[in-house]
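Listed here are the chains, written in short residue letters.
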Amino acid sequence: MENNNKSIHEFDLNLICEYFLGLKRQGPGSPEVTVKALSFIEGLSKNSSILDIGCGTGGQTIIVAQNAPGKIIGVDLFPAFVEKFNENAKVLGLQERVEGVVGSMDDLPFNDEEFDVIWCEGAIYNIGFQRGLMEWRRFLKKGGYIAATEASWFTEERPEEIEKFWKDAYPGIDTIANKVNQMQKAGYVPVAVFTLPENCWIDNFYVPQTALQEDFLKKHSGNQAAERFVAYQRYEAELYYKYKKYYGYAFYIGRKI
Ligand code: SAH
């Protein structure tokens, strides 16, 4: 199964973008989980500023906007995602408070202490958890919050097949205890951590991809890169069903000291 071992980072970005544009969410998550994470954040008002990094098409940003006051900026590397993000905000009449901009998480165009909250669902792995926490800290006001989901091991020991997959896909995956420690070391008080339930991966992420994959393959019939990409997504899903008790996402909420 040599095709399945290709890391997502090696695929054509345009293809990846097109594929994920067809989904409501580009990563595991749910409205309930976003609201739960928000419940740990205190003191927001209509003057608050929230930054959602790696916002994608804005599935979680909209939930934040509907459940918290203040302005929200979403930032994502891919212009097509940001375009859809702004369309989605407009459809819901949120365009006065919610704005998507194109930018990279390793070179953010913001000022020190500009934000009350930094949000990041399913995206911090692109820079690495600890690095993201450390580099983004300066954008937060003192006492401001960071809330990020991150791939985490749920157990001390894991079967070799799943260890190997993650070593290749994202070697930064670690146990929850170690991630909390990283958060503390990066200059935050760990406020809360909780694991995301399986429906965030299955019902909201992998199931919606199944129908889309058929259409995508038809559209790109004969395109080997597209076929390999779908094979990789299917392999990733298969591994999740098989090994979900060993890993998943956890939501980490911290407060800048
Ligand atoms: N938060 C969304 C999307 C998660 S997928 C959700 O939970 O549904 C990861 C997102 O990170 C993608 O939208 C991808 O385009 C974005 N991304 C990848 N590298 C990035 C970078 N360097 N800077 C900003 N965004 C990036």
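Summarised in this report is the structure supplied together with it. What you are looking at is a predicted structure, and each value in this text was computed from that prediction instead of being measured.

1. Some details on the packing of aromatic side chains
Reasoning step 1: With the rule as written, the count across this model stands at 28 aromatic pairs.
Reasoning step 2: Seen from their ring centres, Tyr19 and Phe216 are 5.2 Å apart, and the 85° between their planes marks the pair as edge-to-face. On the criterion of sequence distance, the pair formed by Tyr19 in helix H1 (residues 13-21) and Phe216 in helix H8 (residues 202-219) is long-range, its members being 197 residues apart. Residue Tyr19 shares its accessibility class with Phe216, and that shared class is buried.
Reasoning step 3: Positioned above the aromatic ring of Phe194, the side-chain terminus of Lys36 is 4.4 Å from the ring centre.

2. Some remarks on the environment of Gly100
Reasoning step 1: Here Gly100 lies in strand E3 (residues 98-102).
Reasoning step 2: Looking at Gly100, the relative accessible area reads 8%, which means it is buried.
Reasoning step 3: Residues Gly100 and Glu121, 21 residues apart in the sequence, show an inter-C-alpha distance of 15 Å.
Reasoning step 4: Apart from residues no more than four positions distant in its own chain, Gly100 is found in contact with Gly74, Val82, Phe85 and Asn86.

3. Here's the deal with the site of the ligand
Reasoning step 1: Close to the ligand lie 18 residues, the nearest being Gly54, Asp76, Phe78, Met105 and Glu121.
Reasoning step 2: With respect to the ligand, the side chain of Arg25 contributes an N or O atom lying 2.9 Å from an oxygen atom.
Reasoning step 3: Met105 places a polar main-chain atom, nitrogen or oxygen, 2.8 Å from a nitrogen atom of the ligand.
Reasoning step 4: Taken by itself the ligand offers 570 Å² of open surface, and the protein chains cover 92% of this.
Reasoning step 5: Per-class residue counts for the shell around the ligand are 6 nonpolar, 9 polar and 3 charged.

4. Digging into the side chain of Thr149
Reasoning step 1: Take Thr149: it is sitting in strand E5 (residues 140-153).
Reasoning step 2: At a separation of 2.6 Å, a polar atom in the side chain of Thr149 contacts the main-chain amide nitrogen of Gly122.
Reasoning step 3: Those residues within four positions of Thr149 in sequence are excluded, and the remaining contacts are Cys120, Glu121, Gly122, Ile124, Leu196, Tyr249, Ala250 and Phe251.

5. Observations concerning helix H7 (residues 176-185)
Reasoning step 1: The complete set of buried residues in H7 reads Lys179, Gln182 and Met183. Looking down the long axis of H7, one finds its buried residues gathered within 100° of arc, a one-sided arrangement. Seen from the buried face of H7, the exposed residues on the opposite side, beyond 90 degrees, are Ala177, Gln184 and Lys185.
Reasoning step 2: On its buried face, H7 sits against helix H5 (129-136), E5, strand E6 (174-175), strand E7 (188-195) and strand E8 (247-256).
Reasoning step 3: One or two residues past the end of H7 sits Gly187, with phi positive at roughly 100°.

6. A word on the packing of H8 against helix H9 (residues 224-243)
Reasoning step 1: It is the contact of H8 with H9, at a shortest axis distance of 11 Å, that shows an interaxial angle of 155°. Here H8 lies roughly antiparallel to H9, going by the angle between them. The crossing of H8 and H9 is left-handed. Contacts from Ile202, Phe205, Tyr206, Val207, Gln209, Gln213, Glu214, Phe216 and Leu217 in H8 reach Ala226, Glu227, Phe229, Val230, Gln233, Arg234, Glu236, Ala237, Tyr240 and Tyr241 in H9.
Reasoning step 2: Looking at the contact of H8 with H9, its residues break down into 12 nonpolar, 3 polar and 4 charged.

Procedures and definitions
Residues numbered from 1 in each chain as written. Predicted model: local features only at pLDDT ≥ 70, side-chain atom pairs only at ≥ 80, totals over all residues. Heavy atoms only, no water. Phe/Tyr/Trp six-rings, centres within 6.5 Å; stacked < 30°, edge-to-face > 60°. Helix = DSSP H or I, 4+ residues; strand = E, 2+ residues; numbered from the N terminus. Buried < 20%, exposed > 50% of the residue type's maximum accessible area, 1.4 Å probe, protein only. Lys NZ or Arg CZ within 6 Å of the ring centre and 35° of its normal. Contact = heavy atoms within 4.5 Å. Near = heavy atom within 4 Å. Polar contact = N/O pair within 3.5 Å; in protein donor to acceptor, adjacent residues only side chain to side chain. Areas by Shrake-Rupley, 256 points an atom, 1.4 Å probe, with all protein chains shown as cover. Nonpolar A, V, L, I, M, F, W, Y, C, P; charged D, E, K, R; others polar. Arc of directions from axis to C-beta. Axes fitted to C-alpha atoms, helices over the stretch in contact; angles between N-to-C directions. Parallel < 35°, antiparallel > 145°, perpendicular 65-115°, else oblique. Left-handed = near helix turned anticlockwise from the far one by under 90°.

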